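# Architecture at a glance
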Amino acid sequence: MPVAGLATVVRTIHSGKARSMIDQSETNRTNAIEIKGLNKWYDTYHALKDVDLTVAHGERIVVCGPSGSGKSTLIRCVNSLEAHDSGQITVDGTRMCDASSIEAIRGQVGMVFQQFNLFPHLTILQNLTLGPMKARGLSRKDAEERAMKYLERVQIPEQANKKVSALSGGQQQRVAIARSLCMEPKIMLFDEPTSALDPEMISEVLDVIVDLAESGMTMIVVTHEMGFARRAADRMVFMDHGAIVETGTPEEFFDAPKTERCRTFLNQILKH
Amino acid sequence: MKNILALLSLTALAGCGSAGNWGWYVIDPRTQSGWNNITFLFDGFGATIQLSVIAAVISMIVGLMVALPGMSTNRWIRLPSRIYVEFVRAIPLLPMLFWVFYGLPVVLKSMGITVRIDAFWGAVITLAISDSAFTAEIYRSGIQSIARGQTEAAKTIGLTYTQTMRYVVLPQAIRRILPPLANQFIYIVKMSAFASVIGMQELTRRANELVVTEYRPLEIYTLLILEYLVLVLIISFFVRWLERKMGADESR
């Protein structure tokens, strides 16, 4: 046992990806996200079935699976956009139980939506400063400075004073990412961030997400972009019918899927 | 259409026909008594406008306070709002006016509160409450038309419920709420005529009183209708201007 532990440590030094694996083993450090026995029903429909998932600090998880498999529901439970019916969610050591714990968790977790959900009545800059000013009490000057920093990071500082409708889909999604980053979250959730985009705009958004992944941000990405998953993920999670069917490194997952369902799914989406 | 035209021409013909059917002298500004009558009628404008504006403002505030809990995901928070809307919407204005004016002081007195509700405040309370059920529904549909993604995005950047409403939802909803709300204001202006029956000295009451002394209902009520028409046209004009201004704001 100690030998195995040492081996892990040595590997960690050499491989950035393995860093996540040591966190996941029984160290005392708290994980970024711990989900235990999560269940969720929509009336009689069992959307999540006893889902367990642990995400270490700095780990990048890609969740995939057929539509209706519960991927979005799962990550929406993490910041309580959906209430779960049973099970435990702990985010960065805070256990989700009441309104104040939800508030604390939302303060650590950023989210990017499929439909961008920018505020159309505000300018790009106002979209970015609203949260820091109202929720964090920053002054306008500080909030705008921070906003410009993240707009530069997503490479569209020149759009700051435009209205949302003046931007392309890809630009809007990058603004949405910057808006989340302005809250300086420890964890980012992406709910199919490129599914509503025209094909030519997908890569500009994925580049931003990859850049974020390389900076060590903990993230869960729900996506069908398998090229991105290979490039950025530490671990793949495959879901079907509300349950996690298979998890593994991208290499294991793509090259040697263990379950039949997973193989079928991969065949279908990688066919073309 | 043909029928209406026929009716209109008949009315007009009746005027030119046998002498004594029309007596415009009663509101002829060239004579002293006619002028006095006109100023007597026009003096009702102030009360009608005051009554309508105060009732509309209260109705808009009460309506919002009813609408917001009415959209809660918790059915027990939602329930009182639903009951309020269904109940208030079902009461005709005139019986409610009588109840508030004659009945409410008695109820309050039995609770140990002695207040005199005068005609003005009786009418304001009635119009405001009666209208608030409708404004609440207007707010609800306007707010619910703002996509859920907006409130979700607001939650993820840490805004509270109040902040979400104030900075994200209401600024977007107001453009959809404004036209039906203006419609409702026009409705209040017209319904304020009912206040005449409890003695409120507004446009309709004054017309009634003049009819009793002058025996010229046709001319006086015609002028009364024109008074409301002018009032409503001015409001409509103002609302169109406001809508254009906000519409231009959005497309910029």
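Report on the accompanying structure.

About the criteria used
Residues numbered from 1 in each chain as written. Chains lettered and ligands numbered in written order. Predicted model: local features only at pLDDT ≥ 70, side-chain atom pairs only at ≥ 80, totals over all residues. Heavy atoms only, no water. Contact = heavy atoms within 4.5 Å. Buried area = accessible area lost by both parts, 1.4 Å probe. Salt bridge = Lys/Arg side-chain N within 4 Å of Asp/Glu carboxyl O. Polar contact = N/O pair within 3.5 Å; in protein donor to acceptor, adjacent residues only side chain to side chain. Helix = DSSP H or I, 4+ residues; strand = E, 2+ residues; numbered from the N terminus. Nonpolar A, V, L, I, M, F, W, Y, C, P; charged D, E, K, R; others polar. Core = buried A, V, L, I, M, F, W, Y, C linked by side-chain atoms within 4.5 Å. Buried < 20%, exposed > 50% of the residue type's maximum accessible area, 1.4 Å probe, protein only. Expected span 1.5 Å × (residues − 1). Arc of directions from axis to C-beta. Pairing = 2+ DSSP bridges. Axes fitted to C-alpha atoms, helices over the stretch in contact; angles between N-to-C directions. Disulfide = S-S within 2.5 Å. Patch = residues over 30% accessible without salt bridge, like charges linked within 9 Å, V, L, I, M, F, W, Y side chains within 5 Å. Areas by Shrake-Rupley, 256 points an atom, 1.4 Å probe, with all protein chains shown as cover. Right-handed = clockwise from strand over helix to strand, strands pointing away.

### As for the interface of chain B and chain A
- With 19 residues of chain B at the contact, the number on the chain A side is 20 residues.
- Across the interface of chain B and chain A, roughly 1,700 Å² is buried in total on both sides, 61% from carbon and sulfur atoms.
- Its largest share of buried area at the contact with chain A, chain B owes to Thr156(B), Ile157(B) and Tyr167(B), together 36% of the area lost on that side.
- Scanning the region where chain B abuts chain A turns up 1 salt bridge.
- Its salt-bridge partner being Glu152(B), residue Arg76(A) comes within 2.6 Å of it at the nearest N-O pair.
- On inspection of chain B and its partner chain A, the count reaches 7 residue pairs in polar contact (both at pLDDT 80 or more).
- Counting residues per element, the ones that place at least two in the side of chain B that touches chain A are α7 (148-156) and α8 (161-191) of chain B.
- For the side of chain B that touches chain A, a count of residues per class yields 7 nonpolar, 6 polar and 6 charged.

### Some points on the nonpolar core
- Residues Ile33(A), Ile35(A), Leu38(A), Leu74(A), Phe119(A), Leu189(A) and Ile220(A) are the most contacted members of the largest nonpolar core, which totals 51 residues.
- For this core, the element with the most residues is α8(B), which contributes 6 residues.
- Once residues lying within four places of it in the same chain are set aside, the contact partners of Leu189(A) are Ile75(A), Val78(A), Asn79(A), Val109(A), Gly110(A), Met111(A), Val112(A) and Ile220(A).

### Here we look at helix α9 (residues 203-214) of chain B
Residues and elements named next belong to chain B.
- Between the first and last C-alpha of α9 there are 16 Å, a value that for 12 residues agrees with the 16 Å anticipated at 1.5 Å per step.
- Those residues of α9 that fall on the buried side of the exposure criterion are Leu-203, Thr-204, Arg-206, Ala-207, Leu-210 and Val-211. Relative to the axis of α9, the buried residues are bounded by an arc of 160° and lie together on one face. Set apart from the buried face of α9 by more than 90 degrees, the exposed residues are Val-212 and Thr-213.
- Downstream of α9 by one or two residues, Tyr-215 has phi in the positive range, about 55°.

### Quick look at helix α5 (residues 124-134) of chain A
- Among the 11 residues of α5(A), 9 are classified as buried, and the element is accordingly described as predominantly covered.
- Along α5(A), the residues classified as buried are Ile124(A), Leu125(A), Asn127(A), Leu128(A), Thr129(A), Leu130(A), Gly131(A), Pro132(A) and Met133(A).
- Considering only its buried residues, α5(A) is in contact with α6 (140-153) and α7 (169-181) of chain A together with α8 of chain B.

### Concerning the sheet that holds strand β5 (residues 94-95) of chain A
Residues and elements named next belong to chain A.
- Spatial ordering of the open sheet is given by β2-β1-β4-β5, a layout of 4 strands whose pairing is antiparallel. One side of each edge strand has no neighbouring strand; the edge strands of this open sheet are β2 (45-55) and β5.
- Sheet topology places strand β4 (residues 86-91) next to β5; 2 bridges connect them, and they run antiparallel. In the strand pairing of β5, Thr-90 is matched with Arg-95.
- Those strands touched by helix α3 (residues 71-78) are β1 (33-42), β2 and β4, and its axis lies near 120° from that of β1.

### Some words on the state of the cysteines
All names here are of chain A.
- On inspection of all chains with the given rule, the structure shows 0 disulfides over all chains.
- Free cysteine Cys-97: the closest other cysteine sulfur is in Cys-77, separated by 15 Å.
- Free of any disulfide, Cys-262 has its nearest cysteine sulfur in Cys-64, 6.5 Å distant.

### Description of a nonpolar patch on the surface
- Residues Ile49(B), Val53(B), Val57(B), Ile61(B) and Met65(B) make up a contiguous nonpolar surface patch of about 440 Å² in total accessible area.
- By the secondary structure assignment, Val53(B) is in helix α3 (residues 44-67).

### Let's talk about the pairing of strand β7 (residues 187-191) of chain A
All names here are of chain A.
- Most of β7 is tucked away: 5 of the 5 residues are buried.
- Two strands pair when backbone bridges link them, and strand β6 (residues 109-112) and β7 are joined in this way by 4 bridges, in the parallel orientation. In the sheet register, Gly-110 faces β7, and the bridge partner there is Met-188.
- Relative to strand β8 (residues 218-222), β7 runs parallel, the two being bridged by 5 bridges. Bridge assignment links Asp-191 to a residue of β8, and that residue is Val-222.
- One crossover worth recording links β7 to the parallel β8 by way of helix α8 (residues 199-214), and it is right-handed.

### A short note on the side chain of Thr73(A)
All names here are of chain A.
- Looking at the secondary structure, you find Thr-73 in helix α3.
- Among the residues examined, Thr-73 registers a relative accessible area of 12% and is labelled buried.
- For Thr-73, the residues in contact, after removing those within four places along its chain, are Lys-40, Tyr-42, Ala-47 and Leu-48.

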